[in-house]
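Breakdown of the fold
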Amino acid sequence: MNLRRHFALVALAAPLVSMTAQAFTPPPPDIAAKAYFLSDYQSGATLAARDADTRIEPASLTKLMTAYVVFKAIKEGKLKLDQQLTVSAAGMKAGGGSGGSTMFLDPRTPATVDQLIKGMIVQSGNDACVTLAEAIAGNEEVFAQLMNREAQRLGMKNSHFTNSTGLPDPNLYMTTADLGRIAAAIIHDFPEFYPIYSMKDFTFNNIKQGNRNLLLYRDPNVDGMKTGHTASAGYNLVASSKRDGRRVISVVVGTTSDQIRAAESSKLLNWGVQFFDTPKVYSAGQSIATVPVWKGKADSVKAGFLEDRYLTVPKGDAAKIKLDFTSQQPLIAPIAKGQQIGSVKVSLDGKALGDYPVVAIEPVAEAGIFGRAWDAIRLWFKQLFA
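Position labels on residues start from 1 in each chain and follow its written sequence. The predicted origin of the model limits local features to residues at a pLDDT of at least 70 and limits the giving and counting of side-chain atom pairs to 80 or more, whereas totals for whole chains, interfaces and linings rest on all residues. Calculation of side-chain values draws on the structure's entire complement of heavy atoms; hydrogens and water are dropped beforehand.

**Quick notes on the overall build of the chain**
Put simply, DSSP marks the helices as runs of H or I at least four residues long and the strands as runs of E at least two long, and each gets a number from the N terminus on. Looking only at helices and strands, the chain features nine helices and 19 strands. Its C-alpha atoms give the chain principal-axis dimensions of roughly 80 × 55 × 35 Å. For the exposure calls, accessible area comes from a 1.4 Å probe over protein chains only, and a residue counts as buried if that area is under 20% of its type's maximum, exposed if over 50%, partly exposed in between. For the chain, the residues scored as buried account for 50% of the 386 residues in total. Considering only contacts in the chain between residues 6 or more positions apart, those separated by 24 or more positions represent 67%. For the accessible areas, the method is Shrake-Rupley and the probe is 1.4 Å, while residue cover comes only from the protein chains on display. Only carbon and sulfur atoms are counted for the fraction: they give 53% of the accessible area of the chain, which is about 17,700 Å². In the chain, the 42 positive side-chain charges and the 35 negative ones have mean positions that sit 4 Å from each other. By the convention used here, residues are in contact when the closest approach between their heavy atoms is within 4.5 Å. Only four residue types enter the tally: Lys and Arg on the positive side, Asp and Glu on the negative side, with His and both chain ends excluded. Note that the charge is assigned to NZ on lysines, CZ on arginines, CG on aspartates and CD on glutamates.

Structure follows, in structure tokens:
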């Protein structure tokens, strides 16, 4: 038998409006690009998209995945920021030797991992990518396997990597939806490295290069992330904007110039901020219900979320959100912290917005033999007469 409980939205991050107010959400702007994707970072909701699951050539947007693997290696102690590395012949070839972007590494002069990361992100240096890849995996081919493994773990089902740089390869592809996913993963999993994406320039080997993300110079709310360009891919841009406590992430690919990719990304970001709200409906560790437990040392467990839970709705509609909690019954101990024990169905004006798993925010150990036996008898009678 399911136990149901309804919850009213009491406090939100955005101002509440009259229940009779009608929110106006215009369609997304026309975007002059091959494909695009716009998402809300806090809720993970897709706000607008066109051909979001179509494979595209990412060019240097590939370096978002490269950076993720590098950041993870540092976090796991496999690399240190002050560690010095020397570019190989393969790294030199991938840089200036390929006609691609370079941070002008010199095989006679080592660079620190910290410098290489900035060269990879700000200067889009192919030589930096290969140097980091070889330090982690021995060669770029093995590093690409690590990229693919991480991509699968992150749910990037329509991406495949063959190199760390984004140099053209028929077997290297991503989608705008996957690009939005890896951008959000970097911001969430490695906040200590994210500020590098807002650096407007970086100097190495006495050569100063500016960040190619024009929105960093035009919009104070934009603080990342990455550009990409090849003759076959066109001009690509992943951009992130934080305004009034909200963050939105745009992906625009296949435009015809760096000016157009910036302008079209700006249109998407502004539309996403202007016409949507993302209230926090539950805080991490907040108990939203108490669920009965059978055969446990405690007779109930607190249900909730282990991370803050946000919802994106048309601006002005936050007060209309309805939350309907359903617990799993019978719930039998032992219960582990983080174990799913129910779900919350979210609706707006009768339209379902999503179904979110609710977990135990505390563990419940199994009762002793007599407690389990007594509850087994009680549960049998309860189910018999239900």
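**Considering the nonpolar core**
One broad trend across soluble globular proteins is that nonpolar side chains are buried collectively. In plain words, nonpolar cores are sets of buried Ala, Val, Leu, Ile, Met, Phe, Trp, Tyr and Cys residues tied together by side-chain atoms within 4.5 Å. Grouped together as the largest cluster of nonpolar side chains are 56 residues, with contacts concentrated most on Met65, Ile117 and Ile182. Counting residues per element, this core draws most heavily on helix H1 (residues 63-75), at eight residues. Among all residues touching isoleucine 117, those that are not within four sequence positions of it are Val70, Phe71, Ile74, Leu81, Leu132, Phe193 and Ile196. Counting 26 residues, the second largest nonpolar core, distinct from the first, contains Val313, Ile335, Ile341 and Leu348.

**What to know about helix H5 (residues 140-153)**
Take the number of residues in a helix, subtract one, and multiply by 1.5 Å to get its expected span. Taking 1.5 Å of rise per residue, the 14 residues of H5 would be expected to cover 20 Å, and the 20 Å separating its terminal C-alpha atoms lies within 8% of that figure. For H5, the elements touching its buried residues are H1 and helix H4 (126-137). Capping the start of H5 is the job of one residue whose side-chain oxygen sits 3.1 Å from the backbone nitrogen of glutamate 141: asparagine 139. Phi turns positive one or two residues past the end of H5, at glycine 155, with a value near 85°. Pairs of N or O atoms within 3.5 Å make up the polar contacts considered here, provided that, within protein, one atom can donate a hydrogen while the other can accept it, and that residues adjacent in sequence are counted only when both atoms are side-chain atoms.

**Comments concerning the confidence of the model for the chain**
On a range of 0 to 100, pLDDT expresses the predictor's confidence in each residue. Taken as a whole, the chain shows an average pLDDT of 91; of its residues, 93% reach a score of 70 or greater. Within the model, pLDDT remains below 50 along residues 1-22, and this stretch shows 48 contacts once partners closer than five positions in the same chain are excluded.

**Some thoughts on the environment of leucine 47**
In this structure, leucine 47 sits in strand S3 (residues 46-50). Along the sequence, leucine 47 and serine 250 sit 203 residues apart, while their C-alpha atoms lie 9.7 Å from each other.

**Digging into the environment of alanine 263**
Among the secondary structure elements, alanine 263 is positioned in helix H8 (residues 258-274). Take alanine 263: its relative accessible area is 33%, and that puts it in the partly exposed class.

**What to know about the sheet that holds strand S2 (residues 35-40)**
Here we have five strands laid out as an open sheet, ordered S3-S2-S10-S9-S8, and antiparallel in their pairing. Either end of the sheet is taken by a strand with one partner, and the two such strands are S3 and strand S8 (222-230). Averaged over all pairs of adjacent strands, the angle between their axes in this sheet comes to 5°, without regard to strand direction. Pairing between strands is defined by DSSP: at least two bridges between them are needed. As a rule, the C-alpha atoms of each element are fitted with a line to give its axis, helices using only the stretch in contact, and angles between N-to-C directions run from 0 to 180 degrees.

**Quick look at a nonpolar patch on the surface**
Like-charged residues within 9 Å of one another, or nonpolar side chains (Val, Leu, Ile, Met, Phe, Trp, Tyr) within 5 Å, are grouped into patches, provided each residue has over 30% relative accessible area and no salt bridge. For this document, the term salt bridge refers to a Lys or Arg side-chain nitrogen within 4 Å of an Asp or Glu carboxyl oxygen. Side chains of Trp374, Ile377, Trp380, Phe381, Leu384 and Phe385 sit close together on the surface and give an oily, nonpolar patch of about 740 Å² of accessible area. With respect to the helices and strands, phenylalanine 381 occurs in helix H9 (residues 369-384).

**Topic: the packing of H4 against H5**
The description of two helices packed together rests on the angle between their axes and the distance between the axes. Between H4 and H5, the shortest axis-to-axis distance is 8 Å and the interhelical angle comes to 85°. Comparing the axis directions of H4 and H5 gives the class roughly perpendicular. Here Val130, Ala133, Ile136 and Ala137 of H4 lie close against H5, whose contacting residues are Glu140, Val142, Phe143 and Leu146. For this classification, the nonpolar set comprises Ala, Val, Leu, Ile, Met, Phe, Trp, Tyr, Cys and Pro, the charged set comprises Asp, Glu, Lys and Arg, and every other residue, Gly included, is treated as polar. Class assignment for the residues of the contact of H4 with H5 results in seven nonpolar, no polar and one charged. Should an angle lie under 35 degrees it is considered roughly parallel, over 145 roughly antiparallel, and from 65 to 115 roughly perpendicular; all remaining angles are considered oblique.

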